[in-house]
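The lines below spell out each chain.
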Amino acid sequence: MSLRRVLATAVTLLGLLAARAATALDPSKSLSECGVKTWQVRDGLPGAWVRSLAQTPDGYLWIATFGGLARLDGVRLTRVEGKGGTELDPFDVTRVVPTGDGGLWIVTASNDLRCLREGLSGECFAGKARLPKGTPVTALASVAGGAWIGSPDGLYRAAAGQVTLAFPLAEAPFSDVATVHEDRRGRLWVGGRNGLFVRAKGADRFARFIGPDASTRNPISDIHETPDGRLWIAARNALMRIAGDDVRVYRTADGLPDARLSRVIEDRDGNVWVGSRGGLVRLRDDRFVVYTMADGLPDDTVTEVFEDREGSLWVGTRSGGLAQVSDRTLSTKDAPAELLGDRVDSVTEADDGAMWFASQRGAFRLAGAQTRTLTTLDGLPGNSVNAVLPGRDGDVWIGTARGLARWKAGRLDTPLPITGNVNTLYIDRLGGFWVGTARELHHVAPDGQRESFTDKDGLPSGLVLGTGEDDQGTLWITCTGGLARRDGRRFVRVAGADGLTFGSLQSIHRDSEGTLWFASAGGGLLRRRAGRFAAVTRAAGLPSDHLFQLVSDDIGQLWVGTATGVFRIAKAAFDEVVTGRKPRLDALSFETSDRRQGVSASRIRQPGAWKTRDGRVWFATDQGAMTIDPARTRANTLPPPVVIEDATVDGRPARPGDANRFPPGPGTLEFHYAGVTLIEAHKARHRYLLEGFDPRWTEAGPRRAAYYTNIPPGNYRFRVQASNADGVWNETGATLAFALAPHFYRTPWFYGACALALAALAFWLHRARVLSLRERYLAVFAERGRVARELHDTLLQGMSAVNMHLHAVRTRLPPEAEVARTQLGAVQDLVTQSLEDTRHFVSNLREQDTGTGDLGVALARLARRLCEAQPVTCQVQVLGAVRHLPHDVQNELFRITQEALVNALKHADARRIDVRLCYDKDSVKLSVTDDGRGFDPNAAPGAQAGHFGLTGVRERTARIGAVLSINSAPDRGTTIEVVRSG
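Analysis parameters
Residues numbered from 1 in each chain as written. Predicted model: local features only at pLDDT ≥ 70, side-chain atom pairs only at ≥ 80, totals over all residues. Heavy atoms only, no water. Helix = DSSP H or I, 4+ residues; strand = E, 2+ residues; numbered from the N terminus. Rg over C-alpha atoms; globule rule 2.2 N^0.38 Å. Contact = heavy atoms within 4.5 Å. Areas by Shrake-Rupley, 256 points an atom, 1.4 Å probe, with all protein chains shown as cover. Lys, Arg positive; Asp, Glu negative; His and termini not counted. Charge placed at Lys NZ, Arg CZ, Asp CG, Glu CD. Phe/Tyr/Trp six-rings, centres within 6.5 Å; stacked < 30°, edge-to-face > 60°. Buried < 20%, exposed > 50% of the residue type's maximum accessible area, 1.4 Å probe, protein only. Lys NZ or Arg CZ within 6 Å of the ring centre and 35° of its normal. Salt bridge = Lys/Arg side-chain N within 4 Å of Asp/Glu carboxyl O. Expected span 1.5 Å × (residues − 1). Arc of directions from axis to C-beta. Polar contact = N/O pair within 3.5 Å; in protein donor to acceptor, adjacent residues only side chain to side chain. pLDDT = per-residue confidence, 0-100. Pairing = 2+ DSSP bridges. Axes fitted to C-alpha atoms, helices over the stretch in contact; angles between N-to-C directions. Parallel < 35°, antiparallel > 145°, perpendicular 65-115°, else oblique. Left-handed = near helix turned anticlockwise from the far one by under 90°. Core = buried A, V, L, I, M, F, W, Y, C linked by side-chain atoms within 4.5 Å. Patch = residues over 30% accessible without salt bridge, like charges linked within 9 Å, V, L, I, M, F, W, Y side chains within 5 Å.

Caption draft 1: Layout of the overall build of the protein chain. Regarding its fold elements, the protein chain presents seven helices and 72 strands. Taking 982 residues into account, the globule formula puts the C-alpha radius of gyration at 30 Å, and the protein chain, at 52 Å, lies well above it. Taking all contacts inside the protein chain whose residues are at least 6 apart in sequence as the whole, residues at least 24 apart take part in 54%. As presented, the protein chain carries roughly 45,500 Å² of accessible surface, and 51% of it is formed by carbon and sulfur atoms. Distance between charge centres in the protein chain, computed from 122 positive and 112 negative side chains, equals 1 Å.

Caption draft 2: The arrangement of the packing of aromatic side chains in detail. Counted according to the given criterion, the structure contains 32 aromatic pairs. Between F671 and Y708, the ring centres sit 6.4 Å apart and the planes meet at 80°, which makes this aromatic pair edge-to-face. Here the residue F671 occupies a position in strand β62 (residues 669–675), and Y708 occupies one in strand β65 (residues 705–708), the gap between them amounting to 37 residues. Y708 matches F671 in its accessibility class, with the two residues each being buried. In this arrangement the basic side chain of R51 is found over the ring face of W49, its NZ or CZ atom lying 4.4 Å from the centre. Sitting over the face of the ring of W729, R687 holds its NZ or CZ atom 3.8 Å from the ring centroid.

Caption draft 3: Looking closely at the pattern of salt bridges. Overall, the coordinates contain 46 salt bridges when judged by the stated rule. Here R613 makes a salt bridge to D351, at a shortest N to O gap of 3.4 Å. Residue R613 is located in the loop between β56 (609–611) and β57 (617–621), and its partner D351 is located in the loop between β30 (344–349) and β31 (355–359); the two are separated by 262 residues in the primary sequence. We classify R613 as exposed; its relative accessible area is 52%. Between E680 and K683 there is a salt bridge; the shortest N-O distance is 3.2 Å. Looking at E680, the relative accessible area reads 11%, which means it is buried. Shared partners join several salt bridges into a network, and the residues in it are R71, D73, R76, E645 and R704.

Caption draft 4: The arrangement of helix α5 (residues 855–867) in detail. Compared with an ideal rise of 1.5 Å per residue, which puts 13 residues at 18 Å, α5 spans 18 Å between its outermost C-alpha atoms and is within 8% of the ideal. Where α5 is concerned, the buried positions are L855, G856, A858, L859, L862, A863, L866 and C867. Down the axis, α5 shows its buried residues gathered within 160° of arc, on one side only. Between the side-chain oxygen at the start of α5 and the backbone nitrogen of G856 there is a gap of 3.0 Å, and the oxygen is on D854.

Caption draft 5: Expanded view of the confidence of the model for the protein chain. Per-residue pLDDT for the protein chain has a mean of 85; in total, 91% of the residues score no lower than 70. Across the protein chain, element-level confidence peaks in β65 with a mean pLDDT of 96 and bottoms out in helix α1 (residues 3–21) with 37. Across residues 1–23 the pLDDT falls below 50, and counting only partners more than four positions away or on other chains, this stretch makes 24 contacts in the model.

Caption draft 6: View of the sheet that holds strand β23 (residues 272–276). Reading across from one edge, β22-β23-β24-β25 is the order of the four strands in this open sheet, with antiparallel pairing throughout. Looking at which strands have only one partner, the edges of the open sheet turn out to be β22 (261–266) and β25 (287–291). For this sheet, the mean angle separating the axes of adjacent strands, direction not counted, is 20°. Where β23 and strand β24 (residues 279–284) come together, five bridges link them in antiparallel fashion. Residue pairing in the sheet places S276 in a bridge with G279 of β24.

Caption draft 7: The environment of Y745, seen in detail. Along the chain, Y745 falls in the loop between β67 (729–740) and α3 (748–812). Exposure remark for Y745: the relative accessible area of 42% places this residue in the partly exposed category. Ignoring sequence-local partners within four residues, the contact set of Y745 consists of F750 and Y751.

Caption draft 8: Inspection of the packing of helix α6 (residues 887–906) against helix α7 (residues 949–959) at higher detail. Two elements in contact, α6 and α7, have axes whose closest approach is 10 Å; the angle formed by their N-to-C orientations is 160°. Between α6 and α7, the angle falls in the class roughly antiparallel. The element α6 and its partner α7 pack so that their crossing is left-handed. Where α6 approaches α7, its residues E892, R895, I896 and E899 are matched on the opposing element by G949, V953, R956, T957 and R959.

Caption draft 9: Up close: the pairing of strand β41 (residues 450–453). Relative to β41, strand β40 (residues 441–444) is paired through four bridges, and the arrangement is antiparallel. Opposite H443, over in β41, you have E451 as the bridge partner. A loop of five residues connects β40 with β41, the two strands running antiparallel in sequence, and G448 in this loop sits at a positive phi of about 95°.

Caption draft 10: Examining the side chain of H686 more closely. Tracing the backbone shows H686 in strand β63 (residues 685–691). Side-chain polar atoms of H686 contact the backbone nitrogen of G675, separated by 3.0 Å.

Caption draft 11: Just the side chain of D726, in detail. Structurally, D726 can be placed in the loop between β66 (714–723) and β67. A distance of 2.4 Å separates a polar side-chain atom of D726 from the backbone nitrogen of N636.

Caption draft 12: View of the environment of R916. Within the secondary structure, R916 sits in strand β69 (residues 912–919). Residue R916 is classed as partly exposed on the basis of its relative accessible area, which comes to 43%. Sequence separation between R916 and R392 is 524 residues, and the spatial gap between their C-alpha atoms is 107 Å. Setting aside its immediate chain neighbours within four residues, R916 contacts Q877, L879, K925, L926 and S927. A polar side-chain atom of R916 sits 3.1 Å from a polar atom in the side chain of Q877.

Caption draft 13: Fine view of the nonpolar core. Judged by nonpolar contacts, the single largest core of 29 residues is most densely connected at L855, L859, L893, L901, I913, V915 and L917. Of all the elements in the fold, those that place two or more residues in this core are α5, α6, β69, β70 (923–930) and β72 (974–981).

Caption draft 14: Representation of the packing of α5 against α6. Their axes nearest at 10 Å, the elements α5 and α6 cross at an angle of 25°. One element, α5, and the other, α6, form an angle in the roughly parallel class. As for the relative orientation of α5 and α6, their crossing is right-handed in sense. Residues L855, A858, L859, L862, A863, R865, L866 and C867 of α5 pack against Q890, L893, F894, T897, Q898, L901, V902 and L905 of α6.

Caption draft 15: Structural detail: a nonpolar patch on the surface. Taken together, L758, L761, W764 and L765 make up a surface patch of nonpolar side chains, about 460 Å² in accessible area. Along the polypeptide, W764 turns up in helix α3.

Caption draft 16: Unusual backbone geometry, seen in detail. Along the chain, Q606 connects to P607 via a cis peptide bond; the corresponding omega equals 5°. In this structure, P607 sits in the loop between β55 (588–592) and β56. We note that E680 has phi near 50°; this positive angle belongs to a residue other than glycine. When you line up the elements, E680 lands in the loop between β62 and β63. Unusually for a residue other than glycine, D909 sits at a positive phi of about 55°. As for its placement among the helices and strands, D909 is situated in the loop between α6 and β69. A relative accessible area of 42% means that D909 is categorised as partly exposed.

Caption draft 17: Inspection of helix α2 (residues 571–578) at higher detail. Where α2 is concerned, the buried positions are K571, A573, F574, D575 and V577. Buried residues along α2 sit against β49 (516–521), β50 (524–529), β51 (532–536), β52 (547–552), β53 (557–562) and β54 (565–570).

Caption draft 18: Expanded view of the sheet that holds strand β20 (residues 239–243). Pairing within the open sheet is antiparallel, and its four strands lie in the order β18-β19-β20-β21. Only two strands of the sheet have a single partner each, and these edge strands are β18 (220–225) and β21 (246–250). Here the strands of the sheet are splayed against their neighbours by 15° on average, with no regard to which way each runs. Direction of pairing for strand β19 (residues 231–235) relative to β20: antiparallel, over a ladder of four bridges.

Caption draft 19: Representation of the pairing of strand β11 (residues 146–151) within the structure. Taking burial as the measure, the six residues of β11 include six buried ones, the bulk of the element. Both faces of β11 are covered, namely the face carrying G146, W148 and G150 and the face carrying A147, I149 and S151. Examined bridge by bridge, strand β10 (residues 139–143) and β11 share five bridges and lie antiparallel to one another. Considered in β11, the bridge of S142 is made with A147. For β11 and strand β12 (residues 154–159), the ladder comprises six bridges, and the chain directions are antiparallel. Across the sheet, G150 pairs through a bridge with L155, a residue of β12. Remark: two residues form the turn of the hairpin made by β11 and β12, two consecutive strands paired antiparallel.

Take a look at the structure:
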């Protein structure tokens, strides 16, 4: 890794650490500089009078109003109706307090104390423990293992399943209980109509707290403890701080408004916020500031103040509903007041630290608190200023719709004869000055030599939008007609590279590392580094694909202007996405604080964005110039709690943590979930996975529902994860497990029964086929036996009789009939031969099998029968491990051997015959060799001549898929070899 890359990564990490260390509300900002969002009755709030606020561990904000209870997940306000017990008072809820175990204490106007757990309201205590019927609740404090409950009867203690009146009012020094608090030291504080009282840990009695003046005898409205143990006490017209033995009282003489105080908190920034009838009061560095409706509050009477887990400040009012104050804004206060609401096309910082702004009313110079406007009266070529840029010698170049001017030493001049509509200004790293107009690009070298380029030089047509050099020194120009790079004296148009198609490129930015960035209106963000392009789009996490302005800061972030605002990304994250190490960018979006609609950072002049020496970044927008300090970026680093709010399986409810088992159904699932974040909740993203069904996570974006149909039976687990607006993911998320039972025809026992039935059917069919083949086999051999018997009983018997008669006749012939005797002898020999052949035929018919199933044994028996009466030596050999052969193979090899032996005995006049049967691992080989007279296989007579022996051998060999070879020659014997694989 290069040193430059290491330094860039280090800077990025430092920037992220700085952002994470930031807190929720910048102490240096006024309320009017922060974002203020309101919820009122028209937005779904049950009532305009907000009585109390609380946040449970699942992230929901609970809002008690004069009108009912509501729950806010950041996007939706949901009115809460009581279920599972006594209905909640639909008219008024006076107090909500977290129970400590994830539930919520609810105090209603009808003096009823209820608890809400997992969406169901009911009794707060186990068994029969409860407050006496009709006891009003005037104060409530949740503590470990129970609660302190104030009432007109005194102070009740709820713990260990019991509710007892711990301090009856008749025996206590306080006249009533308006607020109660148990601090980290175990002290119990009670504020009432007659002042502030405290009971030390382990003590039996309360004592009046004595302060430096009589303020502790005033009615007490609220007690708040900070994480480091300081106490803030809100009295009727005084604010008191107790830090150990140090007690400080603030009164109207210290700047505290002369208005009744309601609530007090200290936020994580050290600001003390006090609600009063005269507005929201902030105490910082012993200085009070009062914010009212003029600063964005919906009402001046503040009834509740609350800080949520993400650092937002919530302000409840008497008649204006609820307001959320968050520091997620760009500032417009640093720009000239004269430009607020006007279109600014370009912004830059001069060498003397002055800020310059290009507008349609001239060029504005802001130095300190002084603003000067330059127009045609001061020497500008035109009042419509498009671009401003600092020069090399402390001067400032000003591009107008009618030409170029220069501010130098407090005066305007026009040293260059460029009179067109100047749209972009750029100085390259060699000091060359580039001026882009509507049709030309001008270059002024450091030595003063000028040259101009048009479309005849390869420059794309149209307005010149941006100019920049990459890390290899190549100059790139983007125009309304496309993108080009400089190649010597000419320009070469580039429509795409490295697999990317460039969209409408709006601006070019070269960062401090030499990397070139391109903003595309429709194509996302492009980067050129080390001679290659890379790009990311909205699909990879960009808030928008329509980008206009670019500027990088000192901590490794790239800031991007769009038509809907400004966002930033980490350059290192861009590299991780394009290299596949990370699936998505985590972009941080910003909004303006001036509460105007349609603020757009979409100017197409260059420079349209600028980083000043103090590290701030500026953007030219449609309604002025905006600035933000990256070092003070207040990122939300808390992953949001994830909640599955509602789930149904085939219309039946399913709940996380339950044994959700459902009967057979169509497999229709519905899930409603939320990543609960209260800061820019509409930018939260979600993803879900149905384990057992989905192959990968589904990116749902801001959608908060998932639907499935036709899910097969099985065990499943629905998982959902969420991120906040800053891309911080809760990867643990929420889960819901359930089982969907199958229909009977999908159960294992049904499949088993079907398998057994199929197996039984297959066995029966196989058995039936075997029996059928056996019957056919027996019928064939029965017929062969019948034919053999008929031949034996008819033809053989008749021929034997003929032979006997011929013999008798021959013996009775007289000696002189020698010729007749000879002829009769020849006839008798023919009959004897025919009789022998017929006997052999009958014997073959009766050969129903090769014997016992052993082919070698059958061949030995065959050879013995055929050769025993012949003057020939016949030997049968069996080689290798004998194995079973299929019946048809065994039978055909037997017949081939029989045919070879008969031919050797009848035609070859052989004296020796060798039969070999060889079993190999993958084949069987049969060979029959004789030493007879031999023949020419190519000239041997065939079936057409009435000789069927060799033809039958070939047919039998082909029938069993074997290979036949016949090796013979006249007077050299014959070898017949059959080889079958398998």
